[in-house]
Amino acid sequence: MPPPADIVKVAIEWPGAFPKLMEIDQKKPLSSIIKEVCDGWSLANHDQFALQHADSSNFYITEKNRNEIKNGAILRLTTSPAQNAQQLHERIQSSSMDAKLEALKDLANYSRDITFAQEFINLDGISLLTQMVESGTELGAHFGDMLSFTLTAFVELMDHGIVSWDTFSVAFIKKIASYVNKFASDISILQRSLAILESMVLNSHDLYQKVAQEITIGQLIPHLQGTDQEIQTYTIAVINALFLKAPDDKRQEMANILAQKQLRSIILTHVIRAQRAINNEMAHQLYVLQVLTFNLLEDRMMTKMDPQDQAQRDIIFELRRIAFDAESEPNNSSGSIEKRKSMYTRDYKKLGFINHVNPAMDFTQTPPGMLALDNMLYFAKHHQDAYIRIVLENSSREDKHECPFGRSSIELTKMLCEILKVGELPSETCNDFHPMFFNHDRSFEEFFCICIQLLNKTWKEMRATSEDFNKVMQVVKEQIMRALTTKPSSLDQFKSKLQNLSYTEILKIRQSERMNQEDFQSRPILELKEKIQPEILELIKQQRLNRLVEGTCFRKLNSRRRQDKFWYCRLSPNHKVLHYGDLEESPQGEVPHDSLQDKLPVADIKAVVTGKDCPHMKEKGALKQNKEVLELAFSILYDSSGQLNFIAPDKHEYCVWTDGLNALLGKDMLSDLTRNDLDTLLSMEIKLRLLDLENIQIPDAPPPIPKEPSNYDFVYDCN
């Protein structure tokens, strides 16, 4: 008799018959179980049947995924994937338009299952779908609905990564590109057409060239001016894909086209300032566009100045001219040449260059290279009054107290490039876009202009000298980073945030943080901390478990980012069972326990693993082991080979779930979030307990214990 752990009790449905309750022995071959089920209903040819989950997913049960079957699951006996694929392959070629429409609808549904997809693709199903799309006439009068289901099935089949994108013809690409214009009002067709174009560009260099010839930015722009955020997201995704895959020598050209089409202004008006919340996927695409736009600066950032290039030297002359308004140059006599050199050297020193004789040498370090000089010239021309004021103000100070404009600009440009990660590829999971950078066509230059004035202001507030240069830069970086975390909506708002982050305010913030992190290090306080810590950890543990009871919506792992496939997991209020199940869409609130079909008893959990140790991170091509995804991955291992795989929506949820699961298993909570919460709550609790001791110095060591008295006659005897 097999052990109870290998037995799963299920109900199996068959059309026209009462459901059959039976026990499945997970050690027996699946084929023998199917034969047993077929024999119970007197069905011949059991090799033409398969088991399927009876929920809306319709996923086939295979030897690979059979361990996911839970006690109480409802299964369905149905035709095998091979039979089903063959039947659908024939049905979608039916001469009856109604029959064809129903077949395509079923195909779009079944194609989500990789077992069915493999069988359908083996029948050259992808080619059949592309031929139907290319000809157009195959879809007949019901063109809209049929095309929608055809493209949906195509997208689902391609998402399994079985077929290479390099196999598609120019005719197919032309058709898909034409649908972007032709079906602007049909959300379903437009969405899938954009998704196909994005995948073609991202997955094939050859297809990028063909797609770039067929679709123009001008054709995509109108889709951003609508009100459907999903279509806007797909549109920006296609633009980003074209931008990302464009050859280096073509990216600036594409950026110029985007500027001509006023892409930034359209996004600002119709996406960022639209009266609706920006979802995570849109935020990601805006972040990618932001990164790709700033990466156009990389070429200048990595270009050294050529001291022999007269055009480049003229920029430095222009900086000097604007600052000091040189009226005329001395004549070219031998005496005046020396005088002119002396005057230039003096002025270059006032401008704050390190090399007073030949300031071109200051721009030979990369980064920031020529980008620093570009920023300085932009500031001098577009904010001339502020530029002149800074230069003249510092040139009138004592040598040791002047804020060197040239050196500051170079170091500040380098710092801003580090903050904005200029030259780095966009992360696949980051959503960190800044609305203010979509407010101006020259946002980086304007960002620099605000920050260089901040640097000069902070220099004065710190009463800095040349020896304090690095300290000033550290404070300025902190001011910029703190202002950026508030996500100001415009550059003016960013400037206002900086006004409230003066050097004095930064010192207060640092002192407050230092008090939280470093204060109370005396021995009595440390002993008090040690005594309080267990109850604080218990409080954190209860919070984590309460969050697990509320539950979380997780996105399903897939090679494509946008799938809108979700599943939900939550802990029962008695902390005994994990309830989980698939969802059609992201929920707006908590999902009730009774709507989640699957259960996992906490007692069955053997271990919780994270990162590269997760089974779904070891699978071939699991998002190419993307670093960000690895950091959000964790798995629950149960029974002999059962597993429940997670990709957390963000780092906070990752910490909450890994902490909560470890707490359920009686293990330590080791996440960064727990450490931060523990430090914060410990600090608050100790401060509350020490309120009565304010202004009383606590000794580092306890007072000595006095000697025992010679007798205890002073003790009062109650008897």
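Owing to the predicted nature of the structure, the values given are computational and were not obtained by experimental measurement.

A.B. asks: Can you help me understand the environment of Leu 673 in this one?
C.D. replies: With respect to the element layout, Leu 673 can be found in helix α29 (residues 672–689). A relative accessible area of 16% means that Leu 673 is categorised as buried. Between the C-alpha atoms of Leu 673 and Val 656, which are 17 residues apart in sequence, the distance is 7.7 Å.

A.B. asks: It is not clear to me how the state of the cysteines should be interpreted in this structure. Could you clarify?
C.D. replies: Working definition: the covalent bond between the sulfur atoms of two cysteines is a disulfide. The tally for this structure, following the rule as stated, stands at 0 disulfides. The thiol of Cys 655 is not disulfide-bonded; the next cysteine sulfur, from Cys 614, is found 14 Å away. Of the residues examined, Cys 655 reaches a relative accessible area of 5% and is grouped as buried.

A.B. asks: When you look at the layout of surface pockets in this model, what are you seeing that I'm missing?
C.D. replies: Where empty space is left becomes clear once a probe the size of a water molecule has been rolled over the atoms. Approximately 670 Å³ is the volume attributed to the second largest pocket. Around the second largest pocket, the lining comprises 25 residues; the ones closest to its centre are Ala 255, Ala 259, Thr 293, Leu 296 and Asp 441. Within the residue set of the lining of the second largest pocket, elements represented by two or more residues are α12 (248–260), α13 (263–272), α14 (280–294) and α21 (443–462). Counting residues per element, the lining of the second largest pocket draws most heavily on α12, which supplies 5 residues. Of the residues belonging to the lining of the second largest pocket, the class tally is 13 nonpolar, 8 polar and 4 charged.

A.B. asks: Would you explain the nonpolar core in this entry?
C.D. replies: Across soluble globular proteins, you tend to see nonpolar side chains buried next to one another. Within the largest apolar cluster, 83 residues are counted, with the highest numbers of intra-cluster contacts made by Leu 129 and Ile 267. If one sorts the elements of this core by residue count, helix α6 (residues 143–158) sits on top with 9 residues. Not counting the four nearest positions on each side in its chain, Leu 129 is found in contact with Ile 92, Leu 104, Leu 107, Phe 120, Thr 150, Ala 153, Phe 154 and Leu 157. Of all hydrophobic cores here, the second largest spans 67 residues; its members include Tyr 348, Ala 380, Phe 437 and Phe 469.

A.B. asks: Before we go on, may I ask you to explain the sheet that holds strand β6 (residues 566–571) in this structure?
C.D. replies: What links the strands of a sheet is backbone hydrogen bonding, and the strands pair in either a parallel or an antiparallel sense. The strand order across the open sheet built from 4 strands is β5-β6-β7-β8, with neighbouring strands paired in antiparallel fashion. Edge positions in the open sheet fall to β5 (552–555) and β8 (598–601), since each of these has one partner strand only. On average, adjacent strands in this sheet sit at an angle of 25 degrees to one another, irrespective of strand direction. Pairing geometry for strand β7 (residues 577–583) and β8, over 4 bridges, is antiparallel.

A.B. asks: What is the right way to read the pattern of salt bridges from this model?
C.D. replies: Once their charged atoms are close, side chains differing in charge can pair, the charge on each being opposite to the other. Scanning the entire structure with this criterion turns up 23 salt bridges. Across the salt bridge formed by Asp 659 and Arg 544, the nearest N and O atoms sit 3.1 Å from each other. Of this pair, Asp 659 sits in helix α28 (residues 651–664) while Arg 544 is found in helix α25 (residues 523–550), placing the two residues 115 residues apart along the sequence. This pair shows no difference in class: Asp 659 is buried, exactly as Arg 544 is. Where Asp 672 meets Arg 675, a salt bridge forms, and the shortest distance between an N and an O atom there is 2.0 Å. Residue Asp 672 and its partner Arg 675 are located together in helix α29, separated by 3 residues, close to a single helical turn. Assessed through its relative accessible area of 42%, Asp 672 is described here as partly exposed. In this structure, a network of salt bridges that share partners links the residues Arg 320, Arg 346 and Asp 347.

A.B. asks: In this structure, what is going on with the confidence of the model for the chain? I would like to understand it.
C.D. replies: Segments scoring low in pLDDT should not have their predicted coordinates read at a detailed level. Per-residue confidence for the chain gives a mean pLDDT of 86; residues scoring 70 or more make up 90%. Under a pLDDT of 50 for its full length, residues 326–334 has, in the predicted model, 10 contacts with residues more than four places off or in other chains.

A.B. asks: In this structure, what is going on with the sheet that holds strand β11 (residues 642–647)? I would like to understand it.
C.D. replies: Reading across from one edge, β9-β10-β11 is the order of the 3 strands in this open sheet, with antiparallel pairing throughout. Every other strand in the sheet has two partners, leaving β9 (605–610) and β11 as the edge strands with one partner each. Mean inter-strand twist for the sheet, computed between neighbouring axes without regard to direction, equals 15 degrees. Direction of pairing for β9 relative to strand β10 (residues 633–638): antiparallel, over a ladder of 5 bridges. Within β10, the residue paired with Val 608 across the bridge is Ile 636.

A.B. asks: Is there a simple way to explain the packing of helix α19 (residues 384–395) against α21 in this structure?
C.D. replies: Packed helices, taken two at a time, are described by the angle their axes make and the gap between the axes. Put simply, α19 and α21 touch, their axes get as near as 11 Å, and they point 30 degrees apart. Taken together, the axes of α19 and α21 lie roughly parallel to each other. For α19 against α21, the interelement crossing comes out left-handed. Contact residues: Ala 386, Arg 389, Ile 390, Glu 393 and Asn 394 in α19; Ile 452, Gln 453, Asn 456 and Lys 460 in α21.

A.B. asks: Would you mind showing me how to read the packing of aromatic side chains here?
C.D. replies: Each pair of aromatic rings is reported with the distance of its centres and the angle of its planes. Taken as a whole and assessed by the stated rule, the structure comprises 31 aromatic pairs. Plain terms: the ring middles of Phe 154 and Phe 168 are 5.3 Å apart, the flat faces sit at 70 degrees to each other, and that makes the pair edge-to-face. Here Phe 154 is found in helix α6, whereas its partner Phe 168 is found in the loop between α6 and α7 (170–182), with 14 residues between them in sequence. By relative accessible area, Phe 154 is classed as buried at 2%. Between Phe 634 and Phe 646 the ring centres are 4.5 Å apart and the planes differ by 10 degrees, which places this aromatic pair in the stacked class. Of this pair, Phe 634 sits in strand β10 while Phe 646 sits in strand β11; the two residues are 12 residues apart in sequence, bridging distant segments of the chain.

Cut-offs applied
Residues numbered from 1 in each chain as written. Predicted model: local features only at pLDDT ≥ 70, side-chain atom pairs only at ≥ 80, totals over all residues. Heavy atoms only, no water. Helix = DSSP H or I, 4+ residues; strand = E, 2+ residues; numbered from the N terminus. Buried < 20%, exposed > 50% of the residue type's maximum accessible area, 1.4 Å probe, protein only. Disulfide = S-S within 2.5 Å. 1 Å grid on protein atoms, 1.4 Å probe; cavity = no way out; pocket = protein on both sides within 12 Å on 5 of 7 lines; lining within 4 Å. Points joined across faces, edges and corners; volume = space filled by probe spheres on them. Nonpolar A, V, L, I, M, F, W, Y, C, P; charged D, E, K, R; others polar. Core = buried A, V, L, I, M, F, W, Y, C linked by side-chain atoms within 4.5 Å. Contact = heavy atoms within 4.5 Å. Pairing = 2+ DSSP bridges. Axes fitted to C-alpha atoms, helices over the stretch in contact; angles between N-to-C directions. Salt bridge = Lys/Arg side-chain N within 4 Å of Asp/Glu carboxyl O. pLDDT = per-residue confidence, 0-100. Parallel < 35°, antiparallel > 145°, perpendicular 65-115°, else oblique. Left-handed = near helix turned anticlockwise from the far one by under 90°. Phe/Tyr/Trp six-rings, centres within 6.5 Å; stacked < 30°, edge-to-face > 60°.

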